[in-house]
Amino acid sequence: MAKPKVLATRPLFPAAQKILDASCDVDYWTKADGISKEELFRRIADKEGLVCLLTEKVNEELLAAAPRLRIAANVAVGYDNITVADCTKRGVAATNTPGVLDETTADFAWTLLMAVARRLGEGEALARSGKWKGWDLDQLVGADVWGKTLGVIGFGRIGRAVARRASGFQMKVIYHDAVRVPLDVERGFHAEYRDLNALLAEADFISVHVPLLPETRGLFNDKTFAQMKRTSFLINTSRGPVVDEAALVQALESKTIAGAALDVYEKEPLIAEGLKRPNVVLAPHIASASLETRTKMACMAAENVVALFKGGKPPNILNPEVLKAR
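Residues numbered from 1 in each chain as written. Predicted model: local features only at pLDDT ≥ 70, side-chain atom pairs only at ≥ 80, totals over all residues. Heavy atoms only, no water.

## Thoughts on the overall build of the protein
Thinking step 1. Per the secondary structure count, the protein includes 13 helices and twelve strands.
Thinking step 2. On C-alpha atoms alone, the protein measures out to a radius of gyration of 22 Å, which is about the 20 Å that the 2.2 N^0.38 rule sets for 326 residues.
Thinking step 3. In terms of overall dimensions, the protein has a C-alpha envelope of 75 × 50 × 35 Å along the principal axes.
Thinking step 4. Evaluated residue by residue, the protein yields a buried proportion of 49% over its 326 residues.
Thinking step 5. Sequence separation of at least 24 residues holds for 59% of the intrachain contacts in the protein that already meet a minimum separation of 6.
Thinking step 6. For the protein, the computed accessible surface area is about 16100 Å², with 55% contributed by carbon and sulfur atoms. (Helix = DSSP H or I, 4+ residues; strand = E, 2+ residues; numbered from the N terminus. Rg over C-alpha atoms; globule rule 2.2 N^0.38 Å. Buried < 20%, exposed > 50% of the residue type's maximum accessible area, 1.4 Å probe, protein only. Contact = heavy atoms within 4.5 Å. Areas by Shrake-Rupley, 256 points an atom, 1.4 Å probe, with all protein chains shown as cover.)

## Side note on the sheet that holds strand β5 (residues 93-95)
Thinking step 1. An order of β2-β1-β3-β4-β5 is seen for the five strands of this open sheet, with the pairing classed as parallel. Edge positions in the open sheet fall to β2 (25-28) and β5, since each of these has one partner strand only. Each strand of the sheet is rotated relative to its neighbour by a mean of 15°, with strand direction disregarded.
Thinking step 2. Inspection of the sheet shows strand β1 (residues 5-8) paired to β2 by four bridges, in the parallel sense. Residue L7 lies in a different strand from β2, and its bridge partner there is D27.
Thinking step 3. Strands in contact with helix α12 (residues 291-309) are β1, β3 (49-52), β4 (71-74) and β5; relative to β4, the strand with the most contacts, it is inclined by about 160°. (Pairing = 2+ DSSP bridges. Axes fitted to C-alpha atoms, helices over the stretch in contact; angles between N-to-C directions.)

## Description of the state of the cysteines
Thinking step 1. Counted under the stated rule, the structure contains zero disulfides.
Thinking step 2. Free cysteine C52: the closest other cysteine sulfur is in C87, separated by 8.7 Å.
Thinking step 3. On the accessibility criterion, C87 (0% relative accessible area) is buried. (Disulfide = S-S within 2.5 Å.)

## Describing the pattern of salt bridges
Thinking step 1. Under the counting rule described, the total for this entry stands at 24 salt bridges.
Thinking step 2. When the shortest N-O distance is used, the salt bridge between E39 and R42 registers 2.6 Å. Residue E39 and its partner R42 are located together in helix α2 (residues 37-44), separated by three residues, close to a single helical turn.
Thinking step 3. For E39, a relative accessible area of 18% translates into the label buried.
Thinking step 4. Through salt bridges with shared partners, one network takes in K5, D27, E39, R42, R43, D46 and K47. (Salt bridge = Lys/Arg side-chain N within 4 Å of Asp/Glu carboxyl O.)

## Side note on the nonpolar core
Thinking step 1. By size, the foremost hydrophobic cluster in this structure holds 32 residues, and its most contacted members are W110, L150, V152, F155 and F205.
Thinking step 2. When contributions to this core are tallied by element, the ones reaching two or more residues are α5 (102-117), β6 (149-153), α7 (157-165), β7 (172-176) and β10 (233-236).
Thinking step 3. Here this core takes nine residues from α5, the largest share from any one element.
Thinking step 4. When neighbours within four sequence positions are excluded, L150 is seen to be in contact with W110, L113, V162, A166, M171, K172, V173, I174, F205 and S207.
Thinking step 5. Counting residues in hydrophobic clusters, the runner-up holds 28 residues, among them A203, L248, I257 and V280. (Core = buried A, V, L, I, M, F, W, Y, C linked by side-chain atoms within 4.5 Å.)

## Examining the pairing of β1
Thinking step 1. Once the chain exits β1 it traverses helix α1 (residues 14-23) before rejoining the sheet at β2, and the crossover so formed is right-handed.
Thinking step 2. Inspection of the sheet shows β1 paired to β3 by three bridges, in the parallel sense. Note that in β3 the partner of V6 across the bridge is G49. (Right-handed = clockwise from strand over helix to strand, strands pointing away.)

## Focus: the packing of aromatic side chains
Thinking step 1. For the structure on display, the rule yields six aromatic pairs.
Thinking step 2. Plain terms: the ring middles of F155 and Y175 are 4.3 Å apart, the flat faces sit at 25° to each other, and that makes the pair stacked. Placement of F155 in the loop between β6 and α7 and of Y175 in strand β7 is noted, with a sequence separation of 20 residues between them. Like Y175, F155 is buried.
Thinking step 3. With a centroid separation of 5.4 Å and 15° between ring planes, the pair formed by F205 and F233 is classed as stacked. In this pair, F205 is assigned in strand β9 (residues 205-208) and F233 in strand β10, connecting sequence segments 28 residues apart. (Phe/Tyr/Trp six-rings, centres within 6.5 Å; stacked < 30°, edge-to-face > 60°.)

Have a look at this one:
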């Protein structure tokens, strides 16, 4: 019996390939450059499965080019690149990789927070430049992290992991979420709920962990930046469009806020020139990029695909109703 045909838009990792290859006939895109839209549409035409990244849009246009497609497995927890309603309409299962990257992403949010507070980027540039003349009293003085107030926007798994780490710095933790969590959860993380306006006004560091939704797009804008402390820092490891970058540049130029640390951008891979400034730490969307975590993500996507083709329910299906319709 022929194996189901699957397209993977990246080579993945050996452990994930082993899972897929055992049950599927897989076409891996292996060139250094990402797969083009034209090549994606050409290769997907006869495929029953797709393992994709955030860089591929799974929407009506792609689905129309893939009449045999049964599953689109995203190697990411976020799935704003997948129009789930379009998948459901065509009977295509859509899956993601939740949970596995929480701790790694929380680690990196803290990496960014510490780097921007203590001006690490500027310090490393000076150390590498050959122009450092030695210790000085006021050289690259930054902001303390210990004892400050951390504001977490989005108190899901990653937001909570970030909050948990704050206890080591004896920080006060406040959070905002569309739905307030139970009091026992708040107590467990030593976190206090605030409405958005109150959090903006109180926090010294604001770490963002919300999904990209219509109501979160442009959440940080001229109005919200104006409510923040002039000494505060914004850290974003969620999705780029949550922050209006033009408004952020203006807030930085006018010293409305002290700085920012970003792993995601409005129009990736483009980064606005106005963000390339000393008080902004820039990273190329690598919050989950540990070898262990990215391997687990790829394996999880592979397991979702294999489960479907074996007649089971993919563990991380986003639209389970498509299974009932068969």
